[in-house]
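Now for the letters of each chain:
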Amino acid sequence: MEELKIKTMADMMAAGETPEVLFWVGCAGSFDDRAKKITKAFARLLTQAEVSFAVLGTEESCTGDPAKRAGNEFLFQMQAVTNIEVMNAYEVKKVVTTCPHCFNTLKNEYPALGGNYEVMHHTTFLKQLLEEGRLKIEGGAFKGKRITFHDPCYLGRANKIFEAPRELIQKLDAELVEMKSCKTRGLCCGAGGAQMFKEPEKGNKDVNIERTEQALETQPEIIAAACPFCNTMMTDGVKNKEKEGAIKVMDVAELLDGIEDL
Amino acid sequence: MEYLPNVIFVLVLAGAIGLFAKNVGKLRRNIFLGQKVDRSDQKSERWKMMGLVALGQTKMVVRPIAGFLHIIVYLGFIIINIEVLEIVLDGILGTHRLFAFLGGVYDFLIGSFEILAFLVVVSVVVFWLRRNSLKLARFVKPEMKGWPKNDANLILYIEVVLMGLFLTMNAADYQLQQMGSEHYVEAGSFPISSFIAQGLAGWSESSLILLERACWWLHIIGILSFLNYLYYSKHLHIILAFPNTWYAKLQPAGEINNLESVTQEVKMMMDPSADPFAAPAEDSGADVDDPGTFGAKDVQDLNWVQLMNAYTCTECGRCTSECPANQTGKLLSPRKIMMDTRDRLEEVGKVLDANKGEWKDDGKNLLDDYITREELWACTTCNACTQACPIGIDPLSIIVDMRRYLVMEESAAPNDLNVMMGNVENNGAPWPFNQMDRLNWANES
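These figures come from a predicted structure and were not determined experimentally.

Cut-off values and rules
Residues numbered from 1 in each chain as written. Chains lettered and ligands numbered in written order. Predicted model: local features only at pLDDT ≥ 70, side-chain atom pairs only at ≥ 80, totals over all residues. Helix = DSSP H or I, 4+ residues; strand = E, 2+ residues; numbered from the N terminus. Rg over C-alpha atoms; globule rule 2.2 N^0.38 Å. Buried ≥ 20, exposed ≤ 12 C-beta atoms within 10 Å, placed from the backbone. Contact = placed C-beta atoms within 7 Å. Core = buried A, V, L, I, M, F, W, Y, C linked by C-beta atoms within 7 Å. Axes fitted to C-alpha atoms, helices over the stretch in contact; angles between N-to-C directions. Parallel < 35°, antiparallel > 145°, perpendicular 65-115°, else oblique. Nonpolar A, V, L, I, M, F, W, Y, C, P; charged D, E, K, R; others polar. Domains from an automatic or database assignment. pLDDT = per-residue confidence, 0-100. Pairing = 2+ DSSP bridges. UniProt positions renumbered as here; feature names shortened; annotations may be inferred. Right-handed = clockwise from strand over helix to strand, strands pointing away. Expected span 1.5 Å × (residues − 1). Left-handed = near helix turned anticlockwise from the far one by under 90°.

Would you mind showing me how to read the overall build of chain A here?
Scanning chain A from terminus to terminus reveals 11 helices and 8 strands. For 262 residues, the compact-globule estimate of 2.2 N^0.38 gives 18 Å, and chain A sits close to it at 18 Å. Over its C-alpha atoms, taken along the principal directions, chain A stretches across nearly 50 × 45 × 30 Å. With 262 residues in all, chain A has 56% of them scored as buried. Put simply, 78% of the contacts in chain A that link residues at least 6 apart link residues at least 24 apart.

Below you can see the structure in the form of structure tokens.
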């Protein structure tokens with residue numbers, strides 16, 4: 001596979017260039033081994049579509065989403081103000097991210113603090129690239145495969161984006177099957193609201209197990225996700241059910257990227 | 001003596017309305033114990049929201065059976081109120097069937113009221129069965145024991161009784177009309193009560209008049225009592241659903257408000273020219289000096305829309321049945337968050353009543369005395385509850401405000417979260433990775 005050439009905003013600025021879009025990688029996309037694969041898949045797709053993009057690299061910092069949802073508004077706003085200063089210094093206009101939590105925070109909670117950007121989730125961005133003919137889907141590695149899509153809360157209910165990821169899956173000629181709770185009534189994977197970083201409260205089941213059971217009811221070959229945290233939760237759920245041999249949990253970007261790999 | 005019934009009626013009516021006005025005053029006072037929040041923007045959007053969600057019931061029908069039955073009862077309530085207007089005017093003026101001059105239209109109206117009244121009874125019976133025989137999960141959760149359960153059933157009984165009185169009154173009236181009884185003009189059509197009237201065959205004119213009058217009085221007194229029952233009941237939603245949807249949050253569900261008081265502090269921290277030891281400017285108002293509490297410990301720390309939400313909640317439990325935490329056996333129930341908020345607010349109101357409107361600390365709080373920390377920390381902020389609510393209630397905002405209090409005023413986050421926040425603060429990521437390694441992925445194969 002061709003080596004990825006990732007430019008930072010600093011590289012671009014030094015070369016006197018302005019990228020079309022800033023790829024906000026996020027903490028999971030930067031550090032989590034599973035999520036890094038999603039980051040790379042999306043970066044490959046951007047490269048393939050000849051999108052001029054850059055990342056902030058070491059100048060990027062947590063958006064503050066988990067701190068805010070844990071109740072630490074101070075820490076959130078400190079993070080936000082710092083990130084906004086960096087992005088405004090680079091005169092960022094458009095941001096794309098593979099993480100719905102970063103997406104929601106950047107899009108909805110940064111403007112009032114002085115960060116006004118056009119923020120897109122990568123599924124919407126990819127759909128646009130396909131529609132504009134900049135990205136082409138060839139071959140059909142996923143043709144006829146049963147794929148169920150898990151709606152990330154912060155993409156779906158929180159920002160009413162339900163169709164973009166589904167349209168991408170359908171473009172693969174795959175068989176999209178819906179879980180009993182989907183779209184506006186989609187069940188959370190259990191990671192949101194900073195739950196990702198703590199032990200769950202006492203109950204009779206973990207949320208990700210409940211959601212995985214709903215996914216397994218559709219007898220999928222692939223569980224598609226569009227959030228690195230959902231991906232982790234669903235992957236753990238599939239492992240818990242000892243189905244990891246038969247069922248893969250993949251990001252929509254990986255599905256699109258996988259066509260040429262497979 | 002001729003005007004005695006009119007006088008009694010006017011006294012009863014005035015008493016009932018006066019009592020209701022007093023309760024509305026108390027309701028307003030309690031709601032405005034909350035913090036200020038400006039929701040007067042985007043008026044056309046707000047009217048649209050109220051039209052669709054409250055008037056149009058669009059979110060009720062997400063659950064088709066309950067939604068359909070609710071629409072029948074709702075339409076019944078609204079349309080039959082036209083008849084209540086006639087009854088009130090008859091009562092004041094001492095007339096009988098004042099609107100009879102409408103002729104064919106009147107026949108149509110009375111006929112429609114009767115059919116609706118019958119459908120309401122059928123719906124209410126189904127509601128009762130769902131609650132008490134089928135015992136649908138959301139109706140038998142722990143927070144539904146005691147008063148909430150009795151309240152729900154009481155409303156159903158009252159509705160059946162009111163509809164029964166209305167139909168019996170019409171049946172007696174119909175019989176009297178057939179007899180050509182003086183004072184009972186031939187007016188209206190009686191598609192339902194004519195069946196009840198068959199059971200009244202052979203009754204004397206005076207017994208029928210007694211029955212008709214008794215039903216008439218009991219019906220209107222029942223309605224006026226029900227009006228005054230609202231304040232103590234979840235049934236308050238029939239009024240508050242309208243302002244509640246009008247003032248509902250219009251931003252994307254995922255957007256959690258940025259605390260302005262925090263923004264001020266953060267700006268000061270980031271401003272290199274700010275003097276950290278500066279005393280506040282002398283001419284600044286009192287509320288500038290006092291940043292207030294961060295987050296919510298008690299109901300007064302919440303904003304008035306959140307408090308109105310609490311009074312509006314109908315305890316239907318759609319939020320709780322969609323909640324991932326509740327579905328997996330955790331203690332959290334978004335409905336309970338709303339019910340606790342209302343109960344505590346009522347308690348605060350009683351303290352105010354007992355002390356001539358002055359607040360005396362009663363040593364209790366919404367936090368811990370009503371809502372436990374375990375409930376608050378179980379939330380995934382997924383917005384399933386706000387999506388599910390048929391009238392735009394936002395339990396999530398209360399949960400977040402209470403978490404804010406725990407974290408910013410008490411530093412009482414679960415330890416795992418303190419570790420996460422420490423990482424964000426020091427490394428710019430929730431995990432202990434170095435910010436300088438953020439781009440390493442680009443060079444890994």
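Even after reading the chapter, I still don't get the nonpolar core, so can you show me in this structure?
One finds Phe23, Ile169, Ile223, Ala224 and Met234 of chain A together with Met402 of chain B to be the most contacted residues of the largest nonpolar core, which totals 146 residues. It is helix H17 (residues 395-409) of chain B that contributes the most residues to this core, 9 residues altogether. Not counting residues within four places of it along the chain, the set of residues in contact with methionine 234 of chain A comprises His150, Cys189, Asn208, Arg211, Thr212, Ala215, Ile223, Ala225 and Val249 of chain A. Core analysis: the second largest hydrophobic core is formed by 28 residues, Met163, Ile192, Trp216 and Ile220 of chain B among them.

Could you clarify how one ought to interpret the packing of helix H1 (residues 4-31) of chain B against helix H3 (residues 64-93) of chain B in this entry?
Geometry of a packed helix pair, given as the angle between the helix axes and the separation of the axes. Residues and elements named next belong to chain B. Their axes nearest at 7 Å, the elements H1 and H3 cross at an angle of 130 degrees. Overall, the two elements H1 and H3 adopt an arrangement that is oblique. From H1, Asn6, Phe9, Val10 and Leu13 reach across to H3, where they touch Val88, Gly91 and Ile92. Residues of the contact of H1 with H3, tallied by class, amount to 5 nonpolar, 2 polar and no charged.

Please explain the domain arrangement of chain A as it appears in this structure.
Bring the parts together and some accessible area is lost; that lost area is often taken as the interface size. Residues and elements named next belong to chain A. According to the domain assignment, chain A contains domain 1 (9-129) and domain 2 (139-261). The partner domain 2 presents 26 residues to the 26 residues of domain 1 that form the contact. Mapped onto the side of domain 1 that touches domain 2, the elements with two or more residues apiece are helix H2 (26-31), helix H3 (33-48), helix H4 (65-70), helix H6 (100-109) and helix H7 (122-131). A per-element tally of the side of domain 1 that touches domain 2 places H3 first, with 8 residues. Residue composition of the side of domain 1 that touches domain 2, grouped by class: 12 nonpolar, 8 polar and 6 charged.

Is there a simple way to explain the confidence of the model for chain B in this structure?
Caution applies to low-pLDDT regions: their predicted coordinates should not be interpreted in detail. Confidence along chain B averages 94 in pLDDT terms, with 96% of residues attaining 70 or more. Here the complex is predicted with pTM 0.95, and the ipTM for its interfaces comes to 0.96.

Which parts of the structure should I look at to understand the sheet that holds strand E5 (residues 146-149) of chain A?
Strand pairing in a sheet relies on backbone hydrogen bonds. The paired strands run either parallel or antiparallel. Residues and elements named next belong to chain A. Strands sit in the order E6-E5-E7-E8 across an open sheet of 4 strands; the sheet is parallel. Edge strands, defined here as strands with exactly one partner in the open sheet, are strand E6 (175-177) and strand E8 (248-251). Adjacent strand axes in the sheet meet at a mean angle of 35 degrees when their direction is disregarded. Contacts from helix H8 (residues 163-171) reach E5, E6 and strand E7 (222-225), with the element oriented near 175 degrees to E5.

Would you mind showing me how to read the sheet that holds strand E4 (residues 118-121) of chain A here?
Residue and element names in this part refer to chain A. Read from one edge to the other, the open sheet built from 4 strands follows the order E2-E1-E3-E4, with strand pairing classed as parallel. Either end of the sheet is taken by a strand with one partner, and the two such strands are strand E2 (53-54) and E4. When strand E1 (residues 21-24) meets strand E3 (residues 94-97), the two strands line up parallel, connected through 3 bridges. Across the sheet, residue phenylalanine 23 finds its bridge partner in E3, namely valine 96. Against the sheet, H7 makes contact with E3 and E4, and its axis sits at roughly 90 degrees relative to E4, the strand it touches most.

Explain the UniProt feature "transmembrane region" (unreviewed entry) in chain B to me, please; I cannot follow it from the model alone.
Residues and elements named next belong to chain B. According to UniProt, the feature "transmembrane region" (unreviewed entry) maps to residues 6-25, 65-88, 108-129, 154-172 and 215-232 in the numbering used here. Between the end C-alpha atoms of residues 65-88 the distance is 34 Å, and the span holds 100% helix and 0% strand. A helix fraction of 100% and a strand fraction of 0% characterise residues 108-129, whose end C-alpha atoms lie 32 Å from each other.

Quick question: what am I supposed to make of the pairing of E3 of chain A here?
Looking along a regular strand, one sees side chains alternate from face to face of the sheet. Residue and element names in this part refer to chain A. Bridge analysis of E3 against E4 gives 4 bridges, and the strand direction is parallel. The residue of E4 that forms the bridge with valine 95 is valine 119. Handedness of the crossover is the feature at issue here: the chain leaves E3, passes through H6, returns alongside E4, and the resulting connection is right-handed.

Honestly, helix H5 (residues 147-179) of chain B in this entry has me stumped. Any pointers?
One turn of the α-helix equals 3.6 residues, which is why residues spaced by three or four share an orientation. Counted at 1.5 Å a residue, the expected span for H5 of chain B with its 33 residues is 48 Å, and the 47 Å between its end C-alpha atoms agrees. At the C-terminal side of H5 of chain B, glycine 180 of chain B shows a positive phi close to 75 degrees.

Which parts of the structure should I look at to understand the domain arrangement of chain B?
Residue and element names in this part refer to chain B. We note that the domain assignment places domain 1 (4-31 + 63-246) and domain 2 (260-269 + 291-436) within chain B. Each of domain 1 and domain 2 was reduced to a C-alpha centroid, and the two centroids are 39 Å apart. Taken residue by residue, the interface counts 19 residues in domain 1 and 22 residues in domain 2. Among the elements of the structure, H1 and helix H8 (237-246) are those that each provide at least two residues to the side of domain 1 that touches domain 2. When residues in the side of domain 1 that touches domain 2 are grouped by element, the largest group, 6 residues, is from H8.

It is not clear to me how the environment of leucine 113 of chain A should be interpreted in this structure. Could you clarify?
You can see leucine 113 of chain A is positioned in the loop between H6 and E4. Exposure remark for leucine 113 of chain A: the 18 C-beta atoms within 10 Å place this residue in the partly exposed category. Between the alpha carbons of leucine 113 of chain A and alanine 80 of chain A there is a distance of 7.5 Å; along the sequence they are 33 residues apart. Apart from residues no more than four positions distant in its own chain, leucine 113 of chain A is found in contact with Gln77, Ala80, Val81 and Ile84 of chain A together with Asn258 and Thr263 of chain B.

Explanation requested: the interface of chain A and chain B in the structure shown.
Taken together, the 58 residues of chain A in the interface contact 56 residues of chain B. Secondary structure elements with two or more residues in the side of chain A that touches chain B: H2, H3, H4, helix H5 (73-89), H6 and helix H9 (207-217) of chain A. The dominant element in the side of chain A that touches chain B, judged by the number of residues it contributes, is H5 of chain A, at 7 residues. Considering only residue class, the side of chain A that touches chain B consists of 23 nonpolar, 20 polar and 15 charged.

For this particular structure, what's the right way to read the environment of aspartate 416 of chain B?
Considering the arrangement of structural elements, one finds aspartate 416 of chain B in helix H18 (residues 415-427). Once residues within four sequence positions are removed from consideration, aspartate 416 of chain B is found in contact with Phe197, Lys198 and Glu199 of chain A.

Can you help me understand the packing of H8 of chain B against helix H11 (residues 304-312) of chain B in this one?
Residues and elements named next belong to chain B. For the pair H8 and H11, the least separation of the axes is 9 Å and the interaxial angle reads 150 degrees. The orientation of H8 relative to H11 falls into the category roughly antiparallel. The handedness of the crossing between H8 and H11 is left-handed. Every residue of H11 that contacts H8 at His237, Leu240, Ala241, Pro243 and Asn244 is listed here: Met308, Asn309, Tyr311 and Thr312. Split into classes, the residues belonging to the contact of H8 with H11 amount to 5 nonpolar, 4 polar and no charged.

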